[in-house]
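Structural overview for review
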Amino acid sequence: MNSKYPFILCHGIAHKRILFYRPFGRIFKYLKSNGFEVFISNQDGFGSIESNACQIKKFIDYVCKQTNCTKVNIIAHSKGGLDCRYLINQLGDKKIASLTTLSTPHYGSSMADNVLKLPSWMKRFVAFWINLIYRICGDKHPNALITCQQLSEDYLKKFNQKIIDSNNVYYQSYAAKLDSPKHDFIMGVPWILTRYWQDDDSDGLVSFSSAIWGDFKGRVLQESVSHTELIGFVKDKEKMKRLNMFYLQLCLELIEKGY
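Heads up: these notes are all about the structure in this document.

Taken in spatial order, the six strands make up an open sheet running β2-β1-β3-β4-β5-β6, and their pairing is parallel. Either end of the sheet is taken by a strand with one partner, and the two such strands are β2 (38-40) and β6 (215-219). Mean inter-strand twist for the sheet, computed between neighbouring axes without regard to direction, equals 20°. Bridge analysis of strand β4 (residues 96-102) against strand β5 (residues 170-175) gives five bridges, and the strand direction is parallel. Looking at the pairing, Thr101 lines up with Ser173 of β5. Running over the sheet, helix α1 (residues 25-33) touches β1 (7-10) and β2 and is turned about 165° from β2.

Below, the structure written as structure tokens:
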């Protein structure tokens, strides 16, 4: 597929290439099979926004060198969108043509806010083990507690005041909605909790309103889609086909816009 710039699929919190798993795996294969130049980022699963932004910047440099292109299009899931917004504002926007965010908590996560209310000893204990596990899995600078703090509503209110969008980058966003906890085993409990804490539709982790940024394009699919399903954790083959088509259409629309 003739696109002006290659595409980078940028994962969010907790995801990494580990053994035979990689986020966006089936989506990546589908886009490649349709002729797109596409890559998957591999920043830390529990790195801070600042640390991950530096890692993504290096990956962008690598992709530009590999493809002989001057810029890239980024499609970022969850916290990956915050990492990329920071990158553009603080580390330079010259190599980024567009940023598409999918269920990125631009205005914070009620899940993070409530986790931060736990006793300090419990947060430190859990963070220690998460950091240890993810360091073993390849994280360079894991910091689970800081990562959680950076997803809070208070932190992102200040973040949004400081990290202003670049006029040289096209920003668009999508949200997802999980209609029932029965539709996703992994996101079922988080969905119930987020509905209790915040009266808003969500994909299990990120509320609909928090995902809105830049040119808001609406729902990923007009059906129940969870936070984890957005990167390919889908059991239903027909639903996976529709999700692949969403990504295909997203890329085609960016090409039509000149990206």
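Here the narrative resumes.
Per the counting criterion, the structure on display carries nine salt bridges. Between Lys57 and Asp61 there is a salt bridge, and its shortest N-O distance comes to 4.0 Å. Remark: Asp61 and Lys57 occur in helix α2 (residues 49-67); sequence separation between them is four residues, near one turn of the helix. The class of Lys57 is partly exposed, set by a relative accessible area of 31%. Salt-bridge contacts for Lys177 lead to Asp201; the nearest nitrogen and oxygen are separated by 3.8 Å. Of this pair, Lys177 sits in the loop between β5 and α8 (188-197) while Asp201 sits in the loop between α8 and β6; the two residues are 24 residues apart in sequence, bridging distant segments of the chain.

In regular strands, side chains alternate between the two faces of the sheet. Burial analysis of strand β3 (residues 72-77) places six of its six residues in the buried class, the great majority of the element. Burial along β3 is two-sided: Val72, Ile74 and Ala76 facing one way and Asn73, Ile75 and His77 facing the other are all buried. By the bridge criterion, four bridges tie β1 to β3 in an arrangement that is parallel. When the bridges of β3 are listed, Leu9 appears paired with Ile75. With six bridges connecting them, β3 and β4 associate as parallel partners. Along β4, the bridge assignment pairs Ile75 with Thr100. For the handedness criterion, the β-α-β arrangement of β3, helix α3 (residues 79-91) and β4 is classed as right-handed.

Considering all chains together, one arrives at eleven aromatic pairs under this definition. On the basis of an interplanar angle of 75° and a centroid distance of 4.8 Å, the ring pair of Phe46 and Tyr134 is categorised as edge-to-face. Taken together, the residues span a long stretch of sequence, with Phe46 in the loop between β2 and α2 and Tyr134 in helix α5 (residues 120-136) at a distance of 88 residues. Given a relative accessible area of 12%, Phe46 falls into the buried group.

Our next topic: the side chain of Gln172. Relative to the elements of secondary structure, Gln172 occurs in strand β5. With sequence-adjacent residues up to four places away left out, Gln172 is seen in contact with Leu99, Thr100, Thr101, Trp213, Asp215, Lys217, Leu250 and Leu254.

A word on a nonpolar patch on the surface. Among the surface-exposed residues, Trp121, Phe125, Val126, Phe128, Trp129, Leu132, Ile133 and Ile136 lie close enough to one another that they form a single nonpolar patch of about 880 Å² accessible area. With respect to the secondary-structure elements, Val126 resides in helix α5.

Moving on, we get to the packing of α1 against helix α9 (residues 237-256). Viewed as axis vectors pointing N to C, α1 and α9 meet at an angle of 55°, and their least axial separation amounts to 10 Å. Judged by the angle between their axes, α1 and α9 are oblique. Crossing angle aside, the handedness with which α1 passes α9 is right-handed. Residues Arg26, Ile27, Tyr30 and Leu31 of α1 pack against Met240, Leu243, Asn244, Met245, Tyr247, Leu248 and Cys251 of α9. For the contact of α1 with α9, the per-class residue count stands at nine nonpolar, one polar and one charged.

Thresholds applied
- Residues take numbers from 1 onward in each chain, read along the sequence in its written order.
- With pLDDT at 70 or above as the cut-off, local features in this predicted model cover only qualifying residues; side-chain atom pairs require 80 or more to be listed or tallied, and sums for whole chains, interfaces and linings still use all residues.
- Side-chain metrics in this entry use all non-hydrogen atoms of the structure; hydrogen atoms and water are not considered.
- Being paired, for any two strands, means DSSP has found at least two bridges between them.
- Secondary structure elements are defined from DSSP: runs of H or I of at least 4 residues count as helices, runs of E of at least 2 residues count as strands, and each element is numbered from the N terminus.
- A fitted line through C-alpha atoms represents every axis, and for helices the fit uses only the stretch in contact; the resulting angles, taken between N-to-C directions, go from 0 to 180 degrees.
- Residues are treated as being in contact if the distance between any of their heavy atoms lies within 4.5 Å.
- The term salt bridge refers to a pairing of a side-chain nitrogen on Lys or Arg with a carboxyl oxygen on Asp or Glu at a separation within 4 Å.
- A 1.4 Å probe rolled over the protein chains alone gives each residue an accessible area, and that area as a share of the maximum for its type sets the label: buried under 20%, exposed over 50%, partly exposed in between.
- A clockwise course of the path from the first strand over the helix to the second, judged with the strands pointing away from the viewer, identifies a crossover as right-handed.
- Two rings from Phe, Tyr or Trp (for Trp, the six-membered ring) form a pair when their centres are within 6.5 Å of each other. A pair whose planes differ by under 30 degrees is stacked, one over 60 is edge-to-face, and the rest are tilted.
- Nonpolar side chains (Val, Leu, Ile, Met, Phe, Trp, Tyr) are joined into patches within 5 Å and like charges within 9 Å, using only residues with over 30% relative accessible area and no salt bridge.
- Accessibility throughout is a Shrake-Rupley quantity obtained with a 1.4 Å probe, and a residue counts as covered only by protein chains that appear here.
- Should an angle fall under 35 degrees it is called roughly parallel, over 145 degrees roughly antiparallel, and 65 to 115 degrees roughly perpendicular, with every other angle called oblique.
- Crossing chirality is assigned from the near helix's rotation relative to the far helix, an anticlockwise turn below a right angle marking it left-handed and a clockwise turn marking it right-handed.
- Just so you know the grouping, Ala, Val, Leu, Ile, Met, Phe, Trp, Tyr, Cys and Pro go in nonpolar, Asp, Glu, Lys and Arg go in charged, and all remaining residues, Gly too, go in polar.

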